[in-house]
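Summary of the model geometry
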Amino acid sequence: MKNLKYLSWRLMVAVILTGFAPRDIKAQDKATPVPVYAVAKASEDSVVLRWAPSDWNAWNMARFKGYQIKRYDVVSEDKIYETVLTKAPVKPWTREQIRKQYGESNKYISLLDMAMYSNVDSLIKRPDNSFVEQLRDVKSSTGMLFLYSMQAADFSPEAATVAGLRWVDKDVRPGGRYIYVITSDTANAQFRVDTAMVTVINIKPSKEPSPEGLRAINRDKQIELQWNRQQAGNFSTYNIERSDDGGKTWDKLNNLPFYSPYSPPENTGENEKVDSIGLAIASILKYNQVYIDSIPVNYKEYQYRINGNTAFAETSPYSKPVKAHGIDLTAPEVPRIKAYQHLGGKKIMISWDANKTDTDLAGYYVSRGPTVTGPFEPLTDNLLSKTATSFTDTSALVDKENYYVLMAVDTAHNLATSMPLMTVMKDSIPPSAPAGLAGTVDSLGIVSLHWDANPEQDVKGYKVYYSYNRDGEYSQVTGYPVMDNQYRDTIPTHTMDRRVFYKVVAVDYHNNHSGYSAPAVLTKPVYIPPTSPLAESIVVVGEAIQTDWIGSSSQGVAGYEVFRKEKDGEWKPLAKMQPDANNKFRFMDTTVVPNKAYFYAAETIDSSGLRSEKSPVVQLVYSKNNVLPAPENVTAVYDKKETAVKLTWVVPDMKNDYFLIVYRAKGNEPLAMLQSVDKEQKEFLDYSARKGAEYRYAVQVKQVGGNLNSGMSKEAKIGVQ
């Protein structure tokens, strides 16, 4: 319902206005009306009207015809009352009326008097000009007089009344809604003045509007101020003020009220180029007032504020201040690279003259590009010193054109770039060795290799090499450099070799070869089982049978498994073993019983799970009569005089001929044989012991010419001080 009422009211107003539309269509075609603009100011006890024609001709015509004013009091949707406010047309005062009322005491009325009643012919400076030139001078002079008249009316309420452009309606009610229509009786003239209309609600505003949208743009020793062209206060001109002491005092920058006009750019023909800068400026002026203030120094803070002048000769409150400062936008002197020098390899040094003119120079950047038009990439992350006169590029493109530009940078980050300098050097540098080489071998023996592409731009391809020995000689697989960073090869699978090694070399367009890549170690699929281990000895040690083994010679051995059987029995697994650094392993069978014959064998297990055949069998009959007694009372002391560890022991009486073996271990390491000792010897001096270390010692009896051994004696521990 609310929208319907509003629409009804708008329609009613539209019907009223149609009464002011010209009825003669031919007359409308004959002369397009010149606009008249009107504004109103409500103050509850009165409404002030101000209007103004848009050019000299309309003003001059209306001076003689005057203006009529009608008021429409909109009481409700169906009650609108018309009142003619002017019994006679409102016209400018005569010169006699002006002189009698004001004389020359009011400067704006004096200006208006001169503008309205001056002889235009007297303003033309060159009466001997051609007719066309005289018309141009007349147009210029009348335009100036019209401007003076409108400004005088804006700056003085009295001048606006004298000019016939102001009316005060005191017969109003607070809160009333009014429509004022202002017309001039020029309907039958060749040059017609249009009707002006303004609506107003007679409510005194609680706060006078101030200019909105003020903003500052920092320039080089200039501050550009912009604010909204459309304002709620309908300001006709503005005043601009500046403060350089934080807002304590303000200085007015404009001697005359300021206004920046806007004229839409004219359409260009099809063959005319569009002025992009002009369009950009017009785009700004279309929506903004623009004022440029010149300032003495950059980087000093200033504050700006504005207020507006209305058509009612009133000044608005100030806008909210904005802060600004000038910035340095002047680029340094354009540098020039004067020379370059190839220092060998990928090194090129460029040099330039020192900058002696820019006191605010911060330093330089050097950039390199592949062509004269770039793209150019900086060669340093940090700015070069302002005293620098040379720079060495250590990663120049070999055998290709390198273009360099030098950029001078000042403290305000303004840039000046030199002309590009072209350099070329001969390629004698090989590519870097390829990285990331890896691959796989499938069950058919197909090798799939891949590696990282080299970073050099002049790499022509890669060569692939292989070997079955990591440190042996590698043979080339590829007959020519391959372009891609991957390759497929085929190798035989039914061979004893468990691993194959590959390397890759990069080659550039000048046939410079890189070094080998790190080898890729690939495991082949296994179809041939490993070889068997070999028993080295079998002896009785204490109450156990000890077997020592030599490991398999095959590649990819994962471990061994030891088996035992009795006569006519089946093989039973006893333990899985790992070889030592010498590819040997030892097994102690402590589950034997006396007076039985035992048979031992072992198998090799590789990383793929394949097993060798059983090793050749070794056997031994275990008997307690064959057990030798172990040494007793083993002691270890440090002999300071001899600077050696002194070891003593006692051997029980026995019939067998024997000798002794001394074992030693450092810290928690396993016991290892140190030296053999004759049975007549009752002590042993260890001169190799070192101070600060802890040692464990043990002694074992071994049969001369037989395979009997005693168990190991109890250990004796000592810390050498």
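A few points on the structure. (Residues numbered from 1 in each chain as written. Predicted model: local features only at pLDDT ≥ 70, side-chain atom pairs only at ≥ 80, totals over all residues. Heavy atoms only, no water.)

1. So, the pairing of strand 28 (residues 499-508)
Filter applied, for reference: Whether a residue is buried, partly exposed or exposed follows from its accessible area with a 1.4 Å probe, protein chains only, as a fraction of its type maximum: under 20%, in between, or over 50%, in that order. Labels follow the DSSP assignment, with helices taken as runs of H or I lasting at least four residues and strands as runs of E lasting at least two, numbered in each case from the N terminus. Here, a strand pair is defined by DSSP locating no fewer than two bridges between the strands.
Among the 10 residues of strand 28, 9 are classified as buried, and the element is accordingly described as predominantly covered. In terms of strand pairing, strand 28 meets strand 29 (residues 520-523) through 4 bridges, oriented antiparallel. Considered in strand 29, the bridge of F501 is made with V521.

2. Let's talk about helix 3 (residues 56-65)
Put simply, the rule reads: It is the directions from the helix axis to the C-beta atoms whose arc is reported. Nitrogen and oxygen atoms within 3.5 Å of one another constitute a polar contact, given that in protein one can donate a hydrogen and the other can accept it, and given that sequence-neighbouring residues count only through two side-chain atoms.
Taken as a whole, helix 3 has its buried residues at W56, A58, W59, A62 and R63. In a view along the axis of helix 3, the buried residues occupy a sector of 165°, so they form one face of it. For helix 3, the capping residue at the N-terminal end is D55, with a side-chain oxygen 3.0 Å from the backbone nitrogen of A58. Of the residues flanking the end of helix 3, it is G66, one or two places downstream, whose phi is positive at about 75°.

3. Here we look at the environment of T380
We count it as follows: Any pair of residues with heavy atoms lying within 4.5 Å of one another is described as a contacting pair.
Note that T380 resides in the loop between strand 18 (377-378) and strand 19 (390-393). Judged by relative accessible area, T380 falls into the buried class, the value being 17%. As a C-alpha pair, T380 and S367 span 13 residues in sequence and 8.1 Å in three-dimensional space. The residues touching T380, leaving out its near neighbours within four places in the chain, are Y365, V366 and F391. For T380, the side chain forms a polar contact with the main-chain oxygen of N382, separated by 3.0 Å.

4. Quick notes on the packing of aromatic side chains
What counts is decided by this rule: Aromatic pairs are defined between Phe, Tyr and Trp rings, using the six-membered ring for Trp, whenever the two ring centres lie within 6.5 Å; interplanar angles under 30 degrees are classed as stacked, those over 60 as edge-to-face, and all others as tilted. The rule for a charge over a ring is simple: NZ of Lys or CZ of Arg within 6 Å of the ring centre, and within 35 degrees of the ring normal.
According to the stated counting rule, one finds 19 aromatic pairs in the structure shown. Centroid distance Y474 to Y516: 6.3 Å. Interplanar angle 40°. Geometry classified as tilted. With a gap of 42 residues between them, Y474 in the loop between strand 25 (459-467) and strand 26 (475-476) and Y516 in the loop between strand 28 and strand 29 connect regions that are remote in the sequence. A relative accessible area of 10% means that Y474 is categorised as buried. Of the residues examined, Y516 reaches a relative accessible area of 42% and is grouped as partly exposed. An aromatic cluster is built from W227, F235, Y238, F258 and Y291, whose rings are joined through pairwise contacts. When the ring centre of W59 is taken as reference, the NZ or CZ atom of R63 above it lies at 5.1 Å.

5. Describing the sheet that holds strand 16 (residues 347-352)
Worth spelling out the cut-off: Convention adopted: a line fitted to C-alpha atoms gives each axis, helices being fitted over their contacting stretch, and angles between N-to-C directions are expressed from 0 to 180 degrees.
Spatially, 15-16-19 is the arrangement adopted by the 3 strands of the open sheet, whose pairing is antiparallel. Both edges of this open sheet fall to strand 15 (337-344) and strand 19, since each of them pairs with a single strand only. Ignoring strand direction, the axes of neighbouring strands in this sheet form an average angle of 20°. Here 4 bridges tie strand 16 to strand 19, and the two strands are oriented antiparallel to one another. Paired with I350 across the bridge in strand 19 is F391.

6. What to know about the nonpolar core
Note the cut-off: By nonpolar core is meant a set of buried Ala, Val, Leu, Ile, Met, Phe, Trp, Tyr and Cys residues that side-chain atoms within 4.5 Å join together.
Core analysis: the largest hydrophobic core is formed by 39 residues, its most contacted members being L49, W51, I69, L112, L165, Y180 and I182. For this core, the secondary structure elements donating two or more residues are strand 1 (36-42), strand 2 (47-53), helix 3, helix 5 (107-117), helix 7 (131-155), helix 8 (157-162), strand 6 (177-183) and strand 7 (196-201). For this core, the element with the highest residue contribution is helix 7, accounting for 5 residues. Once residues within four sequence positions are removed from consideration, L165 is found in contact with L49, R50, W51, A52, P53, Y67, M150, A153 and A160.

7. A word on the side chain of D169
Along the chain, the position of D169 falls in strand 5 (residues 166-169). One polar contact links D169 to R71, side chain to side chain, over a distance of 2.7 Å. Polar contacts involving the side chain of D169 include one to the side chain of Y180, which spans 2.8 Å. In contact with D169, not counting residues within four places along its chain, are S46, V47, R71, L85 and Y180.

8. Brief notes about the pairing of strand 44 (residues 716-719)
Only one face of strand 44 is buried: it carries A716 and I718, and the other face, with K717 and G719, is open. The sheet contact formed by strand 42 (residues 694-703) and strand 44 spans 4 bridges and is antiparallel. Paired with R696 across the bridge in strand 44 is K717.

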